[in-house]
Amino acid sequence: MLAITDNKRNKILFYILVFIFLSTINFFEKTNIFGNKVFFQLNEIEISGYKKIDHTAIQSKLNNLIGRNLLLIKIKDIEDIISENKLISQYAIKKHYPNKIHVKLKETILLAKLIKDKKKYFLAENNNLIPFMDDLNDQNLPNVYGKDAEYYFNDFQKILKLNNFNLDIVYSYYFFQINRWDLVTNDKKTIKFPSKGLTEAIKVVNKLLKNKYFDKYSVIDLRISNKIITQ
């Protein structure tokens, strides 16, 4: 039986540790010390949940990660690419071992079209202004006018929804700095809302719009409390 001295035993242990260390490092590189293929090499990035978004541009940037080790890819690297697109409101990123990443997108809802500083934008539900794009299908959205209207529009529209106002009939919104709104409907009827008592005014308008008697009027003015002025 061959005896192993302490010195030889220490050398063998040292070489084993070095081998394990080198193998561990190379496990995360493109090739290991034996020249084999990288473990968990990313070869597919799947994107879903898009309709309006130019996903090819996002896909092209994400494809730069192809070939890297899935373990070492940071989620933040993917988030930085996705967050550049303002049409994306939410996203979920999941690694599927051994070789795939799935990105699920949720697009922001576009509420209106708005002109600011002589430039045309889409106004999104998260208050973001998105540069207008002709290739988007949301061309029939209502127009919004007025200085700083984008900061108040979402709140105003939410109040309309809460009071069951039919948003589909609105062609344009006009915001005034005294915190007041006018609406122009698709049939060119102007509705002037007050700066105070908005909820009650909306309820009144809902009733008037259902009354055929008011069909002949092009203006419904509710700016003065407890009064209805028509033209």
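Now for a description of the structure that goes with this document.

Rules behind the numbers
- Residues numbered from 1 in each chain as written.
- Predicted model: local features only at pLDDT ≥ 70, side-chain atom pairs only at ≥ 80, totals over all residues.
- Heavy atoms only, no water.
- Helix = DSSP H or I, 4+ residues; strand = E, 2+ residues; numbered from the N terminus.
- Contact = heavy atoms within 4.5 Å.
- Areas by Shrake-Rupley, 256 points an atom, 1.4 Å probe, with all protein chains shown as cover.
- Axes fitted to C-alpha atoms, helices over the stretch in contact; angles between N-to-C directions.
- Parallel < 35°, antiparallel > 145°, perpendicular 65-115°, else oblique.
- Left-handed = near helix turned anticlockwise from the far one by under 90°.
- Nonpolar A, V, L, I, M, F, W, Y, C, P; charged D, E, K, R; others polar.
- 1 Å grid on protein atoms, 1.4 Å probe; cavity = no way out; pocket = protein on both sides within 12 Å on 5 of 7 lines; lining within 4 Å.
- Points joined across faces, edges and corners; volume = space filled by probe spheres on them.
- Pairing = 2+ DSSP bridges.

## Things to note about the overall build of the protein
Consideration 1: Helix and strand counts for the protein come out as 5 helices and 12 strands.
Consideration 2: Within the protein, residue pairs in contact and separated by at least 24 positions form 45% of the contacts whose partners lie at least 6 positions apart.
Consideration 3: As displayed, the protein offers around 15300 Å² of accessible surface, 54% of which is attributable to carbon and sulfur atoms.

## Some points on the packing of helix 4 (residues 153–162) against helix 5 (residues 198–210)
Consideration 1: Contact pair helix 4 / helix 5: the axes reach a minimum separation of 10 Å and the direction vectors enclose 50°. The angle between helix 4 and helix 5 places the two elements in the oblique class. Here the hand of the crossing between helix 4 and helix 5 comes out right-handed. Seen from helix 4, the contacting residues are F156, I159 and L160; seen from helix 5, they are L198, T199 and I202.
Consideration 2: Within the contact of helix 4 with helix 5, the residues separate by chemical class into 5 nonpolar, 1 polar and no charged.

## A short note on the environment of L167
Consideration 1: Considering the arrangement of structural elements, one finds L167 in the loop between helix 4 and strand 8 (170–176).
Consideration 2: Through-space distance from the C-alpha of L167 to that of T185 is 9.2 Å; in sequence the pair is 18 residues apart.
Consideration 3: Discounting chain neighbours no more than four positions away, the residues touching L167 are Q157, L160, K161 and Y173.

## Let's talk about the layout of surface pockets
Consideration 1: What the largest pocket holds in volume is close to 250 Å³.
Consideration 2: If you go around the largest pocket, you meet 16 residues; those closest to its centre are I53, D54, A57, I58 and N85.
Consideration 3: Of all the secondary structure elements, the ones that give two or more residues to the lining of the largest pocket are helix 2 (55–62) and strand 6 (129–131).
Consideration 4: The element contributing the most residues to the lining of the largest pocket is helix 2, with 3 residues.
Consideration 5: Grouping the amino acids of the lining of the largest pocket by side-chain chemistry returns 9 nonpolar, 1 polar and 6 charged.

## Observations concerning the sheet that holds strand 3 (residues 100–107)
Consideration 1: Spatial ordering of the open sheet is given by 1-3-2, a layout of 3 strands whose pairing is mixed. With partners counted over all chains shown, the strands left at the sheet margins are strand 1 (44–48) and strand 2 (88–96), one partner each. Neighbour to neighbour, the strand axes of the sheet diverge by 15° on average, direction disregarded.
Consideration 2: Where strand 2 lies against strand 3, 8 bridges are found, and the strand directions are antiparallel. Counterpart to I88 in the pairing with strand 3 is E107.
Consideration 3: The strands touched by helix 2 within the sheet are strand 1, strand 2 and strand 3, with strand 1 carrying the most contacts at an inclination of about 155°.
Consideration 4: The sheet contacts of helix 3 (residues 75–82) involve strand 2 and strand 3, and relative to strand 2 the element is tilted by about 150°.

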